[in-house]
Amino acid sequence: MSTFQELGLNEDLLNAINDLGFVTPSEVQQKAIPVLLEEERDLVALAQTGTGKTAAFGFPMLQKINIKSRTTQGLILSPTRELCLQITNELKLYGKYCKGLNVVAIYGGASVTEQANQIKKGAQIVVATPGRMKDMISRKLVDISKIEYSVLDEADEMLNMGFYEDITDILAHTPMEKSTWLFSATMPKEVASIAKKFMYDPLEITVGNRNESTNQVSHEYYVVNGRDRYLALKRLADANPDIFSVVFCRTKRDTQRVAEKLVEDGYNAGALHGDLSQNQRDLVMKAFRNNQIQMLVATDVAARGIDVDDITHVINYQLPDEIETYTHRSGRTGRAGKTGVSMVIVAKSEVRKIKSIERIIKKQFQKKDIPSGMEICEVQLMSLANKVHNTEVNHEIDPYLDSINDLFEDTNKEELIKKFFSVEFTRFFNYYKDSKDLTVSESGESHSRERSSDDVRYFINVGRKDGYDWMSLKDFLKAILELGRDDVFKVDVKDSFSFFNTEKALQEKVLSFFTDFKYNGRFVNVEITENRGRSGGGKRDRKRGRRNRDEQPRGERRSRRSKDSGRRGASGSKKNRRSASDRPRRSRRK
Ligand code: AMP
């Protein structure tokens, strides 16, 4: 594996790379940078967002332009204002030691005069959205007649958005003698045609397979009745307590409606779509970046260029009209080396679309059931238990401890634990105790969720944080337990723990293996769980399923208080932003 030095980058760039903490060049960087530094040639790179492609074209461009000259030598076209600003910021960071470098962003929705003034000062690199660029060229506010390097970033997105003519117009104002570097996640006909028309013998590099969705993402689909879509969305959110997600809807109206309902139901949600003013969109994006919004409900167009690296889930509330768009949606998660999950909620009439998407992304979806109410209660309970276990004591509470201890003087540890966890459990239990099964079979039958009496479901204290997704955890379990291909199933990976099933016949083998099992210096704990939603049981049972349901924690009914998720209260609307942190969370869920 090469280092950045070996790629041929100069000292100024290497120093910046060092400051940024990049250690190893990503695949697209390894493939593109040496060629672009050494040769003056065109390039077509098939790479998703999140693969480090900005640096793949940014480093060579920064190294090759003449920074002493004030002439505009590099032009980067990108589909959205967000992406345009993101690329500009990245280039400024990469070029922080290139004295005299001026990178200017040109995009709609901001003052043309201001942007023209910045260009006048002498910008060696201009990063632009096609519409505003064309406008400024026609008003002679920017001169790109001496461009040496042009980049078409997210070319498929630009063409999807109808920028074909703008792009061809803009390129017509650039000299023939230049290098063009085209980056695209997918290679539909239109992109191939641009490459053919405007590029000479381009070198083609591919990161992963064409159209392939990133390997870090696992894909799941859930079949529900159309009318249960929203309930299903809430369950998916509740079953993943640390979710940080983009929820995709097809229309602006649905986007707004779903976001509003989520906020009403106490979730930290916000809407992002084209009917919002730029200022509103900026506020929502800021809240999302700061993790104040856990569920960003967005249209495809508005979500383009979202550059947030730690999105855990993409939820396709509705599938896109163009199934190719799915690749872009799912590419919002699993970025910068992290794993992610892309979930699709479908009605049974849409299941065939899943097969078409599988062909495009060359990956298989896992068909999953919408979690039952009791599964959610269990996940929430275990998530809280893990949080409490990992919490560092805040000594600011010391002065109050005497009074608290007095209060619990007659309560033993076991009872205290039961009471403490009942607080959270009861809130979810009361909501979900009579909830119906939302999953329907692909033939449209409502699902019987009774687990086969021959199955055993286990809890394991490793999860996404340990680098697992359902596939890798399944592989791991099969390998260490020396089990066959289908012996481990219904693997459901959460942030810090997971669930899986085996046949009952394997129960003893699994449990005895994990009695004292350490992995990477840490005890791996596996216990039987009895999700009532699946099996009619009650809870995870430390004594392996021998306790009865009456021992189940049941707190008294009380008002729901704000659950501290660390990501509270940004809804995008002033009213909700103000009230979110002190409103009982999810107080009106139904
Ligand atoms: P991009 O695909 O250009 O949107 O990059 C995705 C993210 O990865 C950005 O936040 C970059 O700063 C970061 N990044 C790019 N190259 C590397 C690298 N070699 N090592 C670590 N992070 C990187």
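Residues numbered from 1 in each chain as written. Predicted model: local features only at pLDDT ≥ 70, side-chain atom pairs only at ≥ 80, totals over all residues. Heavy atoms only, no water.

Caption draft 1: Highlighting the packing of aromatic side chains. Summed over the entire model, instances satisfying the criterion amount to 21 aromatic pairs. Relative to Trp 181, the ring of Tyr 149 lies with its centre 5.3 Å away and its plane at 35 degrees, an arrangement referred to as tilted. Here Trp 181 lies in strand β6 (residues 179-184) and Tyr 149 lies in strand β5 (residues 149-152), a separation of 32 residues in the sequence. An identical accessibility class is assigned to Tyr 149 and Trp 181; each is buried. An aromatic cluster of three or more residues is present, and its members are Tyr 468, Phe 476, Phe 513, Phe 514, Phe 517 and Tyr 519. Sitting over the ring of Tyr 230, Lys 261 keeps its end group 4.3 Å from the ring centre. (Phe/Tyr/Trp six-rings, centres within 6.5 Å; stacked < 30°, edge-to-face > 60°. Helix = DSSP H or I, 4+ residues; strand = E, 2+ residues; numbered from the N terminus. Buried < 20%, exposed > 50% of the residue type's maximum accessible area, 1.4 Å probe, protein only. Lys NZ or Arg CZ within 6 Å of the ring centre and 35° of its normal.)

Caption draft 2: Just the pattern of salt bridges, in detail. Counted according to the given criterion, the structure contains 26 salt bridges. One salt bridge connects Asp 475 with Lys 478, and the closest N-O pair in it is separated by 3.6 Å. One end of the pair, Asp 475, and the other, Lys 478, are both in helix α19 (residues 470-481), 3 residues apart, so they sit about a helical turn from each other. (Salt bridge = Lys/Arg side-chain N within 4 Å of Asp/Glu carboxyl O.)

Caption draft 3: Broad picture of the pairing of strand β2 (residues 74-77). Because side chains alternate across β2, one face comprises the buried residues Gly 74 and Ile 76, and the other comprises Leu 75 and Leu 77, equally buried. One ladder, built from 4 bridges, connects β2 with strand β4 (residues 125-128); its direction is parallel. Bridge assignment links Gly 74 to a residue of β4, and that residue is Ile 125. Bridge count for β2 against β5 is 4 bridges, and the pairing is parallel. By the bridge assignment for β5, Leu 75 is matched with Ser 150. (Pairing = 2+ DSSP bridges.)

Caption draft 4: Structural detail: the site of the ligand. In the vicinity of the ligand there are 16 residues, among which Thr 24, Gln 29, Gly 50, Gly 52 and Thr 54 approach most closely. At 2.6 Å, a side-chain N or O of Thr 54 approaches an oxygen atom of the ligand. Out of a free accessible area of 500 Å², the ligand has 82% covered by protein chains. If you list the elements that add at least two residues to the shell around the ligand, you get α3 (53-64) and α4 (81-94). (Near = heavy atom within 4 Å. Polar contact = N/O pair within 3.5 Å; in protein donor to acceptor, adjacent residues only side chain to side chain. Areas by Shrake-Rupley, 256 points an atom, 1.4 Å probe, with all protein chains shown as cover.)

Caption draft 5: Representation of the nonpolar core in the model. The biggest cluster of nonpolar side chains holds 41 residues, and the ones touching the most others in it are Leu 9, Phe 59, Ile 76, Leu 91, Ile 125, Trp 181 and Phe 183. When neighbours within four sequence positions are excluded, Phe 183 is seen to be in contact with Val 28, Leu 43, Ala 45, Lys 53, Ala 56, Phe 57, Val 151, Leu 152, Asp 153, Glu 154 and Ala 155. Core analysis: the second largest hydrophobic core is formed by 32 residues, Val 126, Leu 152, Ile 194 and Ala 195 among them. (Core = buried A, V, L, I, M, F, W, Y, C linked by side-chain atoms within 4.5 Å. Contact = heavy atoms within 4.5 Å.)

Caption draft 6: Local environment of the sheet that holds strand β3 (residues 103-106). Within the open sheet, the 7 strands sit side by side as β3-β4-β2-β5-β6-β1-β7. Their pairing is parallel. With one partner strand each, in any of the chains shown, β3 and β7 (203-206) form the two edges of the open sheet. For this sheet the average axis-to-axis angle between neighbouring strands, irrespective of direction, equals 15 degrees. Most of the contacts of α4 go to β3, to which it runs at about 175 degrees, and overall it touches β2, β3 and β4. Lying over the sheet, helix α5 (residues 112-120) contacts β3 and β4, oriented at roughly 155 degrees with respect to β3. (Axes fitted to C-alpha atoms, helices over the stretch in contact; angles between N-to-C directions.)

Caption draft 7: Region of interest: the packing of α3 against α4. At a closest axis distance of 10 Å, the pairing of α3 and α4 adopts a crossing angle of 50 degrees. One element, α3, and the other, α4, form an angle in the oblique class. As for how α3 packs across α4, the hand of that crossing is right-handed. On the side of α3, the interface is formed by Thr 54, Ala 55, Phe 57, Gly 58, Phe 59 and Leu 62, while α4 contributes Ile 87, Glu 90, Leu 91 and Tyr 94. Considering only residue class, the contact of α3 with α4 consists of 7 nonpolar, 2 polar and 1 charged. (Parallel < 35°, antiparallel > 145°, perpendicular 65-115°, else oblique. Left-handed = near helix turned anticlockwise from the far one by under 90°. Nonpolar A, V, L, I, M, F, W, Y, C, P; charged D, E, K, R; others polar.)

Caption draft 8: Structural detail: unusual backbone geometry. Although it is not a glycine, Glu 154 sits at a positive phi angle of roughly 50 degrees. Tracing the sequence through the fold places Glu 154 in the loop between β5 and α7 (155-160). Despite not being glycine, Glu 482 shows a phi value in the positive range, around 55 degrees. Structurally, Glu 482 can be placed in the loop between α19 and β16 (489-493). On the basis of relative accessibility, which here comes to 68%, the residue Glu 482 falls in the exposed class.

Caption draft 9: Structural view of the side chain of Gln 29. Looking at the element boundaries, Gln 29 is found in helix α2 (residues 27-38). Here Gly 52 takes part through its backbone oxygen, which lies 2.9 Å from a polar atom of the side chain of Gln 29.

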